[in-house]
Structures are given as structure tokens and as C-alpha cells.
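# Structural overview for review
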Amino acid sequence: MPEQNMPELTFCRNKRLLTARSYQAVFGDTRYKVAHPNLLLLARPNQLSHPRLGLVVAKKHIRHAVNRNRVKRVVRDTFRLVQHQLDSVDVVFLVRPGMDRLSPKEQTELLEKTWLRLSRKLQVDPSCVN
RNA sequence: GGAGCUGGCUGGACAGUCGCCGCUUCGUUUUCUCGGUAUUUCCGUAGGUGAUACUGGGUUGCGUUGGGGAGGAAAGUCCGGGCUCCAUAGGGCAGAGUGCCAGGUAACGCCUGGGGGGCGUGAGCCUACGGAAAGUGCAGCAGAGAGUAGACCGCCGAUGGCUAGUGUAUUCUGGUACAGGUAAGGGUGAAAGGGUGCGGUAAGAGCGCACCGCGCAGCUGGUAACAGUCUGUGGCAUGGUAAACCCCACUCGGAGCAAGACCAAAUAGGAAUCCAUUGGCGUGGCCCGCGCUGGAUUCGGGUAGGUUGCUUGAGGCAUAUGGUGACGUAUGCCCUAGAGGAAUGACUGUUCACGACAGAACCCGGCUUACAGGCCAGCUCCCUUU
RNA sequence: UGGGGUGUGGCCAAGCGGUUAAGGCAGCGGCUUUUGAUGCCGCCAUUCGGAGGUUCGAGUCCUCCCACCCCAG
């Protein structure tokens, strides 16, 4: 949990990918990639001063709307908490089957690890394709 | 105490941290914009125009105050409406739906009450439940026969034929099973054209009679469906299937908020008025009808994107009242999600019965399906005690 | 969110309410052949996505569920 001199931890609309074009840009020019059986992250540097997040949660992979919504909420919440450790990148999160079978706590832990892996990749390898 | 039936309610609680979306209070001048006052620039008759300062409002951003924020099924999309556009949804055909009766309702395939039928000891539950005497069709295999019945085994053979017996034989008594008569019994099948008994007969048969069942007409009760220890009448006529076509009665125009309306980069296939009414296009399958398209004149139109539609409604709650009830009426009070890649979450702690099914997307009324449990009310059956 | 469609062996599929549910590919067994290919014969569906209902009888008709696919910015 974050503590002293709290940085801004909001998550408003300018920190999301809003148009189909933004998503296509990330899919077409993926520089970073973090994979796990239950999820996949794609990322690409942007020209802004902050990271942005986009979600792809397909009905095919997670059947019930309740579980889809919860996965999206957890992803957003964890992204919100680690956003200052990431550089200016556009990130697209894709689910894979089985994510809904994890408990909320397991999902949170998994995502915290995943964001850590992404930030490490961004620092080690700031420009190259994975 | 146990087992069960019916109806209704509820769908973890509390605290903290970080966040999301509307509304709201105050502030900041962050963006854009409209106005007022003062000074002043230019053209100067009136007046117009620009700049600076002060000030008021709207809008947007940021901060801040307060308050709100998924369901009983939000689901499946199976019905019915509202709303919007197409004509104001109109006429006919075709098509679809509903189907005991009455009522409720905006409407319904829903609900309530009643009737018939079925199940249960009972409280209760289930019920596509109009018409097969308008017509057409279907019923494999088996079986004699499957819908104007039929004759395999069987029974009979009165009557007629053939034949025997006596003295004679159309007349009496047999034999035969040739014609024929039967539907009691057997057998087939899901289904075989009222049932039981008595009479009757050659054997039989509603052929006759009694009872039961059924049909028709009347009477009585009921708004009606329907009912009846009712009256008369018919020997029985009318097998099944309409979730086969169909008939009868009633209902239904089509699309859907990605409907539609407004502001509007780009691009030019345009809009209004008058004339013309043949062809083409547009709505739903078709026809009628209706609206566009064509020519002339005059100048403006609307994809990306944004705004709106968007939540106050056949709304809830309480009381009174009418009704068996669904529900209606009156009065008072309340406002209770409104996003736009899509808001309610995550984490920590405490607690208990350790938390099911599951997430609003224009809005309502139903139905159906999923569901850990918990609570309340009424009723039934069994056992025990007094 | 709304609109529409499909479901029959492992795969592709036909199927007026009526015997034991066509056919092709694949698979398995056999025959033919020295072996293989080809050809021929045989086997392979306790049930037509599931559950109820109508009917004497349902893959087919009706109702409700389940799964999958397509269309509309």
C-alpha cells in the first residue's frame, strides 16, 4: 500500500484508451509483451506524460458479466496504484480463459506481479521488441 | 413434536484506507463566451467600431462541502404495451397468434374468481379444456375387417339345395356344410361401431324389456361456462386424430433507442415553390392507397465527431374505502442509478448462521429459468400429553 | 443491446409422423495380391443438443431450457 507524500492515484478518462484507433496502434506496433496463462499485456510508448490502459475482456473467455466486471475493476485498480512506476506507454490488457476462476485476492496478487514484470522490462529494454 | 401445503418478506453486518459515476455547496479565474459601466482609438450628423480597467452571468477544468449509486431475478428474450419514425396506420388478400366461462388491466399467451376433467387421506395441486352430425386427409406392421364395417377359427344351417330313413315325401325325422345367416366366444391390434342382466332365436343381434351410460328437446338454478334423485323423447344415431389441413369466434400494419431529433469538419449524388401523374424507387409478403423521384424557378444541404433521446413513471409508500378476489377510487407524503469500452470495487480488521444465483444500458407489465440460506402468517395430516 | 440462424456416428451430411435412421470420408476386421495401392464384403448411432407434452407411434409437431454461429456502430 502506498504511504507518505501520496502521489496522485486517480484513474480518469485521459488515462484510458478510448478509441479503436488507439487499440490498433498498440496491436500493430507491440514493443513489450508480458504473458501468463490467464492474461496477456501488450504495450507501446506514447507521446504523453502518463501511461494509458485499455481492456479487452471477451465474453468468450469469461462467461458471466459479474466476473467480467470484477476482472476489469481489479485490473484498473492495480494499474491505478502502480501507474507512477510505469513510463509513458499505452498498455492493452487481454484476458485468457480461467481468469474468472481465481479469487479476487489471487487476481490482485497476480496483477501486482504482472505490473512489476512490465515495469522491469520497460527499464531494462527501453525500445526494443521483445 | 413430526411430516406437509399455500402466500409473503429478506438476499451478510460494522469500521478504516485508496479509487469510480451523476447531483450539490463554496472557492479559484483554468478555457471559451455573452452582457453592463467608466476611460479612450478611428469614421463622424445620428450612430457604429476597437482597446484597457472594473463588474455580472453561462460554460469547462481543478480543488472543496454534503448526499446518492444494480436485482429478485438486472438473466433468457418467450409474450404484451408505452415511446419514436414510416401516412394520421386506412381498405382487401395472404400470414401469424389466442382458444371452457366471467371479470381485472394500458395490454397480454398474464392475473383473479368460477365450471368441467385428473391426482392426493387432506390442506391443496395439475389441466393447449372450442368444433370430428361443414368438408378433405391420416392410421406402418398385424388382422377377416381400420370407418357407407367385416367373417379367419367358431356358432347355426330355421329357409333353400343335395342326400338318407320309412309304404308315399313340398309337409315328419335325421345327415351334409353347398347357398346362406350370425357377431355370443376365440384371435389381431393403440383402437373392432354402448355396458350388465333377462327374454327371445336355428344360432344370434337394441330384435324386445329393465337398470346404467349417451344424444336431442324442454323446465329449473346460474350473467355465463355448466349443473340437476327433474320431465319428455330417440334404440343408440355420434370411434381416434384439429400441438394434420381446416371451420368458428376474437386479436394483430411494419420496424426498432444502433428508433428518432438537433449542432455540425469533409464531400457534392441536394432543399423549397410551381407544373407533370406515365415509368422507377420507398415502407410489410401482395394489391389499392400514400410518400419520393422527373422539368422550370429560387438558393443552400449533412457523413466523421458531438449533443440529445435518458429517466417523474400504467412510479412507490401510508391511510380510508368499494369488491369473494385480481384490482379500482380518494387523500396525504416521497423522488429512489443514469453510464457511454461502460460507474458500486479492491485491500485490511472485527463478527456471525461463513454468504447462493448473479451486473441496469429507452422504460414498464407478465411468463420462464437459476438460487446458500434465514424470517413471518394461515392451513392440513399423524403421534403424544392433559 | 437488438435482430436472425444452426444442432443427426470422429468429420461432412440426407431424412412425407410409420418397420431395424440413407449416403460419403475416416477407422476397424476380412477377401483378392508376393507386399502395397485399387476393388469387394462386413462392422461402427440403446437414439438424432437436453427435458417435458400431443399422438397408438416423434429425428420430424408443440413448449421450455442448453450450446454454438452470423448480422447491425
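Residues numbered from 1 in each chain as written. Chains lettered and ligands numbered in written order. Predicted model: local features only at pLDDT ≥ 70, side-chain atom pairs only at ≥ 80, totals over all residues. Heavy atoms only, no water.

### Focus on the protein's contact with RNA strand B
Near RNA strand B you find 23 residues, and of these R16, R73, R76, R80 and K105 are the closest. Contacts to RNA strand B include N69, whose side-chain N or O atom sits 3.4 Å from a base nitrogen. In the model, a sugar or linking oxygen of RNA strand B is placed 2.6 Å from a nitrogen or oxygen of the R80 side chain. Ranked by the residues each element gives to the surface near RNA strand B, the list is headed by helix α2 (residues 65-82), at 10 residues. Of the residues that constitute the surface near RNA strand B, the class distribution is 11 nonpolar, four polar and eight charged. (Near = heavy atom within 4 Å. Polar contact = N/O pair within 3.5 Å; in protein donor to acceptor, adjacent residues only side chain to side chain. Helix = DSSP H or I, 4+ residues; strand = E, 2+ residues; numbered from the N terminus. Nonpolar A, V, L, I, M, F, W, Y, C, P; charged D, E, K, R; others polar.)

### Here we look at the nonpolar core
Formed by 27 residues in total, the largest nonpolar core has its most connected members in L53, F93, M99, W115 and L118. Those elements giving two or more residues to this core turn out to be β1 (32-36), β2 (39-45), β3 (52-56), α2, β4 (89-95) and α3 (104-124). Ignoring anything within four residues of it in the chain, the contact list for M99 reads N38, L39, I62, V71, F93, Q107, L110 and L111. Within the second largest apolar cluster, seven residues are counted, among which are L17, V26, L42 and L94. (Core = buried A, V, L, I, M, F, W, Y, C linked by side-chain atoms within 4.5 Å. Buried < 20%, exposed > 50% of the residue type's maximum accessible area, 1.4 Å probe, protein only. Contact = heavy atoms within 4.5 Å.)

### Quick notes on the environment of L110
Looking at where L110 falls in the secondary structure, it is placed in helix α3. For L110, a relative accessible area of 12% translates into the label buried. Residues L110 and V92, 18 residues apart in the sequence, show an inter-C-alpha distance of 16 Å. If we skip the residues at most four places from it in the chain, L110 touches H36, N38, L39, M99 and L102.

### Re the sheet that holds β3
Taken in spatial order, the four strands make up an open sheet running β1-β2-β4-β3, and their pairing is mixed. Edge positions in the open sheet fall to β1 and β3, since each of these has one partner strand only. Neighbour to neighbour, the strand axes of the sheet diverge by 15° on average, direction disregarded. The sheet contact formed by β2 and β4 spans seven bridges and is antiparallel. By the bridge assignment for β4, L40 is matched with L94. (Pairing = 2+ DSSP bridges. Axes fitted to C-alpha atoms, helices over the stretch in contact; angles between N-to-C directions.)

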